[in-house]
4 protein chains.
Amino acid sequence: MIRAGVYGATGYMGGEVLRVLMEHPEVEIAWATSRSDAQVADYHPNLYGTDIRFIRPDQTTPCDVVFMALPSGVPMELAPKFLKDGCKVIDLGADFRLNDRAAWEKVYKRKHKSWNIAKEAVYGVSELHREEIKKARVIANPGCFASGAILGLAPLVKAGLIDTSKVVVDGLSGTAGIGADLSRPAHHAEIGNNLIPYNVTGHRHTFEAEQELGLLSKRKVNIHFTPVYVPIVRGILDVCHAFPTRKVTRAKLMELYKEFYKDEYFVKVYDLPKEESASWQYKPYPWVNSVSGTNFCFIGLDVDETRGRIVVFSVLDSIGKGGAHVGVQNMNLMFGLDETAGLTRRGLHPI
Amino acid sequence: MIRAGVYGATGYMGGEVLRVLMEHPEVEIAWATSRSDAQVADYHPNLYGTDIRFIRPDQTTPCDVVFMALPSGVPMELAPKFLKDGCKVIDLGADFRLNDRAAWEKVYKRKHKSWNIAKEAVYGVSELHREEIKKARVIANPGCFASGAILGLAPLVKAGLIDTSKVVVDGLSGTAGIGADLSRPAHHAEIGNNLIPYNVTGHRHTFEAEQELGLLSKRKVNIHFTPVYVPIVRGILDVCHAFPTRKVTRAKLMELYKEFYKDEYFVKVYDLPKEESASWQYKPYPWVNSVSGTNFCFIGLDVDETRGRIVVFSVLDSIGKGGAHVGVQNMNLMFGLDETAGLTRRGLHPI
Amino acid sequence: MIRAGVYGATGYMGGEVLRVLMEHPEVEIAWATSRSDAQVADYHPNLYGTDIRFIRPDQTTPCDVVFMALPSGVPMELAPKFLKDGCKVIDLGADFRLNDRAAWEKVYKRKHKSWNIAKEAVYGVSELHREEIKKARVIANPGCFASGAILGLAPLVKAGLIDTSKVVVDGLSGTAGIGADLSRPAHHAEIGNNLIPYNVTGHRHTFEAEQELGLLSKRKVNIHFTPVYVPIVRGILDVCHAFPTRKVTRAKLMELYKEFYKDEYFVKVYDLPKEESASWQYKPYPWVNSVSGTNFCFIGLDVDETRGRIVVFSVLDSIGKGGAHVGVQNMNLMFGLDETAGLTRRGLHPI
Amino acid sequence: MIRAGVYGATGYMGGEVLRVLMEHPEVEIAWATSRSDAQVADYHPNLYGTDIRFIRPDQTTPCDVVFMALPSGVPMELAPKFLKDGCKVIDLGADFRLNDRAAWEKVYKRKHKSWNIAKEAVYGVSELHREEIKKARVIANPGCFASGAILGLAPLVKAGLIDTSKVVVDGLSGTAGIGADLSRPAHHAEIGNNLIPYNVTGHRHTFEAEQELGLLSKRKVNIHFTPVYVPIVRGILDVCHAFPTRKVTRAKLMELYKEFYKDEYFVKVYDLPKEESASWQYKPYPWVNSVSGTNFCFIGLDVDETRGRIVVFSVLDSIGKGGAHVGVQNMNLMFGLDETAGLTRRGLHPI
């Protein structure tokens, strides 16, 4: 059994790591940290009656792998010691995501204290970096919006099919993405019937997406990204608009995407027929609630041949495929397990 | 492997049976019926990419067990043939739930056509009828509101602790309980910010709850039941009020309930401390979203010693512990499997 | 023009007072206080572009009437000075609601500092205390749950029709009732798909309701009250259950209520026919979203003649008829205006 | 008093016309049609207790103005007769919105039967066509998404500031926009925690927006429009992305918009400061729930100077400023009333 520690287990991301690991056939939870004296069920009432107990952050012990669900800046302080003790590290935060130190320090507004680890870390979109992840000691788990945009746009940029200087992405996010800390945009009376745009030109995940898609396309990629909070809890829908550089049809695009992801278990190209006659033309596109609580990313496609636009819908759960679950997928790869172990659950319908 | 058929697989209950059986280690889905030509993902987009295919109702074949997720009146027509073929039957509907034929025919407003099966059927609250279920050929799976009320009130009526003539239950239900058929109270613009009471004095589940609690208490039980639709999707909260016939404290009640359910995996008595000082005194009671998508029922308790009232909160998922999941729990019992097989998943948090 | 001050204008209740007074034909807003430097639209984005500006609490000036939307304990400190200056006071909080000082001090866990004002204050259910309100200098505006329960049960207790020792009320509340301060039960990811019972045996509004209904019935009244937060924003549904002391039908009850409220503009007895045949029997009962943003209370009725129970549904907006709007109704009465001035707006549908 | 008829008063749009006209100081409702026998409160429970009664469609009588809230294709059949009788017509539907007959017939998939009326009709964005509306007999009230996009983009295209060939608009719509007819995407269990893209490349409102913005800019405008249903009830957020043809700052843009709308009561340019330091940068942008139930359109602005993008947020209520309310604004103009009569209500907060 792999022994896993969870550092920062009271938040939504940490709690999701706990829940997934509990169901994992080859992992045991070595420890889970909390700074408070509360019980697990105080934070995660879904886990009432399980035997998980929190320990204090200073009581951690070496184990095989540590998941870090911590505020920006903390993982780069903690990671060196765990690595020295032979633990692998999966950082669910942003400390090791960017390749460019100056960019990182500008975006995250602090000095980086462990840049050698950042350099070593593998960016954890499993589908794009599988072989490196297998050999990695440190994973920089991707940001949720970035995961959706990267998986949604990878086949396009790889194929050189679009104008990479003008990719527009609207990221609609549920409130789990805001986190467990109380805040105004997460206050039910404010967001319950509302749509709240924020950080509309400079969201941090933009830089990850540009970096990864740039590497794939071998060109500079501009992601014009705007996030909006919507009154769902889990889930992200990235609506990606791109301008094709040559003529393309929906059918051709579907083929391209299916080929690109043909061996992937967790990325499904959503290919239901588009019927012109239907008064409600919603069926050909995936729904964000379908992948809630899972490691799946569903991708939908369409083309406006008249005006010249490709639209890609990429849906995932911000703390599932966009967080804890992909972390576990990466762990599976790092330890030579079946990549899907513990992650095959489907989403609920309805939910 | 047990071969299971799902009759009526396009609705929410049937879809949930499919999803749970897909994850069950000892079951294979023999068939799932639909009257339409559509794909599974047209009805259950969460199952996109799985290999389940619908067959027509007239194409079913004998198998080990059939789950029926069908409108009232249909199971009593179909069950005889399946039983004759040696299939066990788990009716998720109401055809076999009542012991009293006249009562059934009045409540369901039709003649019963297979009363011998109704007599044979075991009422499927697993925790109360475990031994009979193990030997049963036919299960009358309980109604969702009834499940909550029965599990929530069983320890009280069994102990003879309350005035059984005046038990008040408010049943708050999510819209999954309305079903997949379109209807006004399920229209988002109507229910999205609303609370919709309905059938406020004669809901059908009342009769089941009165029957089962009457058997347990050996006295007539009046459940004064009022259901209200609330804008959540999954889940039921039964708020049960009872007037104690002798003095009782919260601590004593907690002890009684914990003893009653001490060997149960799926029923958890929610015992977080009640702190008088907290400005928000919500922690001691279970949350309905904690059990969404699961076979768990969480029960919370309190006592108003001044005015003389016991309040019991019973939460479950109407298509989980209140439907498909408990059906699978009963199947496990009927086939001598581990009672928890395929059902150990915890709920999500947040959701 | 009446000059009105609003003390505590950044919260939801204070903001609603501002909005209603803005539309009132005979009132001008003299001032509105905030302890912060922020603009009105920072707190109330719906008021963006209006010319209301906040002043500091120490900058208030005498005016005709002051609305106090303040934490418990503050109005009893502020009211004496305003009264001395000749201002009338409408306290939207709880400082002056109870007749019994010992009870108040126990329930609110502090010494009362202005009990003479509490004694003078008129409890502001306009429909029951109209004549006293016209002559009052100080109004104790009722609690939202209490308003619903009192209006819903007044005809019953007045008619001596029920067992007043066992009145069960489930109070379902939207999150506006939690207030603008951030808190766990108001965090969208927690409450968005949830139902959160709290203070289930000792909610403060219980005592007001018992006091007022006791006065009406001339008997001790026990309200067995349990509040539950539900994921709507505005609105309260009090589901009231009472056991009749003599036989009664829905039709008779309807008559009683219509007679009781026949001269009331803001209380509507909801009398749509109850059709036994309808598969969804939701029409005869009022919907809470119908009265959102208004001063209306809609009341629905039913009787379970078999088991012996009356059920009353009382719906109102916790910061409308349950708060700011009824405060303005009381102001209208105190100043000899048309009782409905500024308050005739209907709710939205859908909402 | 102006006598107004409402043709098609059972839907959400028709109901909103009724509600607004009820509060209008200079209008009386002459009649409101329904094909059913039901009471007004069966469809619009918010109007319970008012004295509005439905008449049959064949019982209408001439009056001063008729609002038509009818399915596509019906207004073009009814309008000629009303016009002949001297009634002015405000079509809340799409029959008269396009200038190009061939385009209309292609988009709406039928022959047009009253093209002379379509030619006469004035497109009812009041702020852009005020003088023509004053003289009009027939108004083609704009589509909701189109209203938002046109008001949001008009200053930009008028100033020639953007590349009009590549304007991307994501239109997030509440479920009131789906209408009162039952449908799968409006079923609460499907949409309650979901985001449903539909008609993602060919929504009908696109053509109106392109037409109107084309007229303003004197160039061809491509609106790359994608609508998504979100689980709010009222309200539309158009997120508009445009690529500037010359360098521009947020401050400059703010100036441009404020100048453009400086005399408008109902269009507010939302100018709260953008503070770089705030951890949640949501304040500078308007919220869709702020304008719910009103005739206001709030517009927010930002610029990504690095990558070169303008983002405009335009929020309105699809059956308020995007429907019934703007219809009344147009009526006010047509009859020489104060343009704001009956429409000055602010939105609720919270809601």
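Our subject in this report is the structure included herewith. Quantities reported herein were computed from a predicted structural model and do not represent experimental measurements. Every residue gets a number counted from 1 within its own chain, in the order that chain's sequence is written. Each chain gets a letter, beginning with A, and each ligand a number, beginning with 1, in the order they are written. Selection of residues for local features in this predicted model requires a pLDDT of at least 70, selection of side-chain atom pairs for listing and counting requires 80 or more, and totals for whole chains, interfaces and linings are taken over all residues. Note that the side-chain values use all heavy atoms of the structure and ignore hydrogens as well as water.

A word on the overall build of chain A
To qualify as a helix, a DSSP run of H or I must reach at least 4 residues; to qualify as a strand, a run of E must reach at least 2; elements of each kind are numbered from the N terminus. Scanning chain A from terminus to terminus reveals eleven helices and 13 strands. Since a compact globule built from 351 residues should have a radius of gyration of about 20 Å, the 20 Å found for chain A is in line with a globular shape. In terms of principal-axis extent, the alpha carbons of chain A reach across some 60 × 40 × 40 Å. Any residue under 20% of the maximum accessible area for its type is buried, any over 50% is exposed, and the rest in between are partly exposed; the area is computed with a 1.4 Å probe on protein chains only. Going through the 351 residues of chain A one by one, you find that 68% of them count as buried. In this description, accessible areas are obtained by the Shrake-Rupley approach with a 1.4 Å probe, and a residue is regarded as covered only by the protein chains that are shown. Carbon and sulfur atoms make up 49% of the accessible area of chain A, which amounts to about 11,400 Å² in all. In this charge count, Lys and Arg are treated as positive and Asp and Glu as negative; neither His nor the chain ends contribute. We put the charge of a Lys on NZ, of an Arg on CZ, of an Asp on CG and of a Glu on CD. Side-chain charges of chain A comprise 42 positive and 40 negative groups, with the mean position of each set lying 4 Å from the other. When we talk radius of gyration, it's over C-alpha atoms, and the globule rule is simply 2.2 Å times the number of residues to the 0.38.

Concerning the environment of Ala140(A)
Residue and element names in this part refer to chain A. In this fold, Ala140 is placed in strand E6 (residues 138-140). Along the sequence, Ala140 and Ala176 sit 36 residues apart, while their C-alpha atoms lie 20 Å from each other. If sequence neighbours within four positions are ignored, Ala140 has contacts with Asp91, Phe96, Arg97, Ala121, Val122, Tyr123 and Gly124. In this description, contact between two residues means that some pair of their heavy atoms is separated by no more than 4.5 Å.

What about the relation of the copies chain B and chain A?
Copy-to-copy superposition: least squares on the C-alpha atoms, limited to residues that have pLDDT of at least 70 in both copies. Between the two copies, chain B and chain A, the superposition gives an RMSD of 0.0 Å; the rotation angle is 180° and the shift along the axis is 0.0 Å. In short, the pair behaves as if placed about a two-fold rotation axis. In this assembly, 100% of the residues forming the interface of chain B have copies in chain A that are likewise at the interface, indicating an isologous arrangement.

A few points about the sheet that holds strand E3 (residues 65-68) of chain C
Two orientations exist for strands paired in a sheet by backbone hydrogen bonds: parallel and antiparallel. All names here are of chain C. Reading across from one edge, E2-E1-E3-E4-E6-E5 is the order of the six strands in this open sheet, with parallel pairing throughout. Looking along the sheet, the strands with just one partner apiece sit at the ends: strand E2 (27-32) and strand E5 (122-123). In this sheet, E3 lies alongside strand E1 (residues 2-7) in parallel orientation, the contact comprising four bridges. Pairing of Tyr7 across the sheet is with Met68, part of E3. Pairing between strands is defined by DSSP: at least two bridges between the two strands are required.

Brief notes about the interface of chain A and chain D
A common way to express how large an interface is: the accessible area buried when the components associate. Each partner contributes residues to the interface: chain A has 59 residues there, and chain D has 59 residues. Summed over both partners, the interface of chain A with chain D buries about 5,300 Å², with 62% contributed by carbon and sulfur atoms. Definition used for salt bridges: Asp or Glu carboxyl oxygen within 4 Å of a side-chain nitrogen of Lys or Arg. Linking chain A with chain D are two salt bridges. A salt bridge links Glu210(D) to Arg307(A), with the shortest nitrogen-to-oxygen separation between them at 2.5 Å. Counted as a polar contact is a pair of N or O atoms within 3.5 Å, where, for protein atoms, one must be capable of donating a hydrogen and the other of accepting one, and residues adjacent in sequence contribute only when both atoms are in side chains. Scanning the region where chain A abuts chain D turns up 20 residue pairs in polar contact (both at pLDDT 80 or more). A total of six residues in the side of chain A that touches chain D trace back to one element, the largest contributor, which is strand E9 (residues 223-229) of chain A. Among the residues forming the side of chain A that touches chain D, the class breakdown is 32 nonpolar, 15 polar and twelve charged. What gets called buried area is simply the loss in accessible area from a 1.4 Å probe that two parts show on being joined, summed for both. Basically, the charged four are Asp, Glu, Lys and Arg, the nonpolar ten are Ala, Val, Leu, Ile, Met, Phe, Trp, Tyr, Cys and Pro, and anything else, Gly included, counts as polar.

With respect to empty space enclosed by the protein
To find leftover empty space, one rolls a probe the size of a water molecule over the atoms. Throughout, the protein atoms alone are placed on a 1 Å grid, and a set of points is a cavity if a 1.4 Å probe fits but cannot get out or a pocket if it is open with protein on both sides within 12 Å along at least five of seven lines; lining residues have an atom within 4 Å of a point. Grid points are joined across faces, edges and corners, and a volume is the space filled by probe spheres set on the points. Applying the stated criterion across every chain, the model contains 17 cavities of 30 Å³ or more. Considering only enclosed or pocket space, the largest cavity measures out at about 200 Å³ in volume. Residue composition of the lining of the largest cavity, grouped by class: six nonpolar, twelve polar and no charged.

Some remarks on the sheet that holds strand E13 (residues 309-316) of chain A
Residue and element names in this part refer to chain A. Ordered in space as E8-E9-E7-E10-E13-E12-E11, the seven strands form an open sheet in which the pairing is mixed. The open sheet has two edge strands with one neighbour each: strand E8 (196-197) and strand E11 (267-269). In terms of strand pairing, E8 meets E9 through two bridges, oriented antiparallel. Looking across to E9, one finds that Ile196 is bridged to Tyr229. For helices, the axis comes from a line fit to the C-alpha atoms of the stretch in contact; other axes are also lines fit to C-alpha atoms, and the angle between any two N-to-C directions lies between 0 and 180 degrees. Lying on the sheet, helix H10 (residues 250-260) is in contact with E11, strand E12 (297-304) and E13; it crosses E12 at an angle near 155°.

Thoughts on the interface of chain B and chain A
Across the boundary between the two partners, chain B contributes 40 residues, which contact 40 residues of chain A. Each partner contributes to the roughly 3,500 Å² buried at the junction of chain B and chain A, and carbon and sulfur atoms together form 58% of this total. Interface area lost by chain B to chain A is led by Tyr48(B), Arg346(B) and His349(B), which between them contribute 23%. Put simply, chain B and chain A have two salt bridges between them. We note a salt bridge from Asp42(B) to Lys283(A), for which the minimum N-O separation is 3.5 Å. On the surface where chain B and chain A come into contact, there are 21 residue pairs in polar contact (both at pLDDT 80 or more). For the side of chain B that touches chain A, the element with the most residues is helix H1 (residues 12-22) of chain B, which contributes four residues. Looking at side-chain class alone, the side of chain B that touches chain A contains 19 nonpolar, eleven polar and ten charged residues.

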